[in-house]
Amino acid sequence: MSTGVGVSSCCLSGKIQSGQPRGYVKDIAGLTTYISEPENGKTTKTIIFLVDIFGYEFPNVRLLADNYAKAGFYCYIPDVHQADSLPIEFLQTVEPQLPQREQMGVLDKAASTAQTGATLGPWLIRHREAVSKPLIDGFINTVRMIPGTDKVGAIGFCWGGRYAILSAHSSEPGKGVDAAYACHPSLVAIPGDFDPVVKPLSLALGDKDSLLDQKQVEQIQELMGKKTEVPHEIKIYHDQVHGFALRGDWNNENDKKAMDDAEKQGIEWFKKYL
């Protein structure tokens, strides 16, 4: 069970990307799932996307899965929120991107914090670990049994980032994932979520993330550094807030580069370990 590090209006900020996802939707393991296939259609190397609070219909995560599919991976985005993701309009109603956030006054920030708590608090209770982890574990293990599937990876963002880390705990044959990648995970327990990691784990963290401060990042680096037998990497992205890898502004040169680099980080990680 995560002890958490609090919630932030950064959880509810970001940009919606333009573009038309090219995949399709199908029911798998009792969960409505977006699927994006590689050109060869093979499930040999499979990646499961564990979404943030905006869910599996969020265009950004679908477009990103399409890019991973173009790189040769068979991609699944299960609706692990079971039709209870937060609405997209919260992206900008609570908090804008970093340049605007830095200009907010004290009263604006206080109002943003209050609205965040009212929005996220009940949602996080409904989607607590005791509810969500069995759904995710069940989906992963079902996918592993799909004919032609060999290696399975998990990539997670924000809320889903923590579950990507948890998926790297299992050493039981035929269960869990073979490698994981977590982008700006939220509500992580330190050291509890990292001590049990036994599978290759890559992390992408922003140095302006309000949910993981410098001290906590250093703790994670120290914990993972002791795991000399477990392949791992931690990359820090300069001037990037929580959610940057999925919800950054493509019209901002720095944000666009960070998103591209985080995508490349994941693709290279999974090419190496799947």
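Rules and cut-offs
- Position labels on residues start from 1 in each chain and follow its written sequence.
- The predicted origin of the model limits local features to residues at a pLDDT of at least 70 and limits the giving and counting of side-chain atom pairs to 80 or more, whereas totals for whole chains, interfaces and linings rest on all residues.
- To obtain the side-chain values, all non-hydrogen atoms of the structure were used and water was disregarded.
- In this analysis, rings of Phe, Tyr and Trp, with Trp reduced to its six-membered ring, are considered paired at centre separations within 6.5 Å, and the interplanar angle assigns stacked below 30 degrees, edge-to-face beyond 60, and tilted for intermediate values.
- A 1.4 Å probe rolled over the protein chains alone gives each residue an accessible area, and that area as a share of the maximum for its type sets the label: buried under 20%, exposed over 50%, partly exposed in between.
- In DSSP terms, a helix is any run of H or I states spanning at least four residues, a strand is any run of E spanning at least two, and both are numbered starting from the N terminus.
- Both a distance and an angle decide whether a charge sits over a ring: NZ of Lys or CZ of Arg must be within 6 Å of the ring centre and within 35 degrees of the ring normal.
- Two strands are counted as paired when DSSP detects at least two bridges linking them.
- Interaxial angle, 0 to 180 degrees, is taken between N-to-C directions of lines fitted to C-alpha atoms, where a helix line uses only the stretch in contact.
- In this description, contact between two residues means that some pair of their heavy atoms is separated by no more than 4.5 Å.

K.L.:
What is the right way to look at the packing of aromatic side chains in this model?
P.N.:
Aromatic ring pairs are reported here in terms of the distance separating the ring centres and the angle at which the planes meet. This model, assessed by the stated rule, comprises eleven aromatic pairs. Their ring planes at 50 degrees and their centres at 6.4 Å tell us that Y68 and F73 sit as a pair that is tilted. Residues Y68 and F73 agree in their burial class; the two are buried. With a centroid separation of 6.1 Å and 75 degrees between ring planes, the pair formed by Y76 and F139 is classed as edge-to-face. Of this pair, Y76 sits in strand β4 (residues 74-78) while F139 sits in helix α5 (residues 129-144); the two residues are 63 residues apart in sequence, bridging distant segments of the chain. Its relative accessible area of 2% is what places Y76 among the buried residues. F139 sits in the buried class, given a relative accessible area of 1%. Each residue in the set F49, Y68, F73, F157 and F270 is aromatic and connected to the rest through ring pairs, giving one cluster. Across the ring face of Y56, the terminal group of R62 is positioned such that the distance to the ring centre comes to 4.8 Å. One residue, R162, lies across the ring of Y163, its end atom 5.7 Å from the ring centre.

K.L.:
So what exactly am I meant to see when it comes to the sheet that holds β4 here?
P.N.:
The strands that make up a sheet are held in pairs by hydrogen bonds between backbone atoms, and each pair lies either parallel or antiparallel. The eight strands are arranged β1-β2-β4-β3-β5-β6-β7-β8 in an open sheet whose pairing can be described as mixed. Each end of this open sheet is capped by a strand with a single partner; those strands are β1 (24-28) and β8 (232-237). The average undirected angle you get between the axes of adjacent strands in this sheet is 20 degrees. Sheet topology places strand β5 (residues 151-157) next to strand β6 (residues 179-183); five bridges connect them, and they run parallel. Paired with I155 across the two strands is Y181, which belongs to β6. Contacting β1, β2 (31-36), β3 (45-50), β4 and β5, α5 crosses the sheet at an angle of about 165 degrees to β3.

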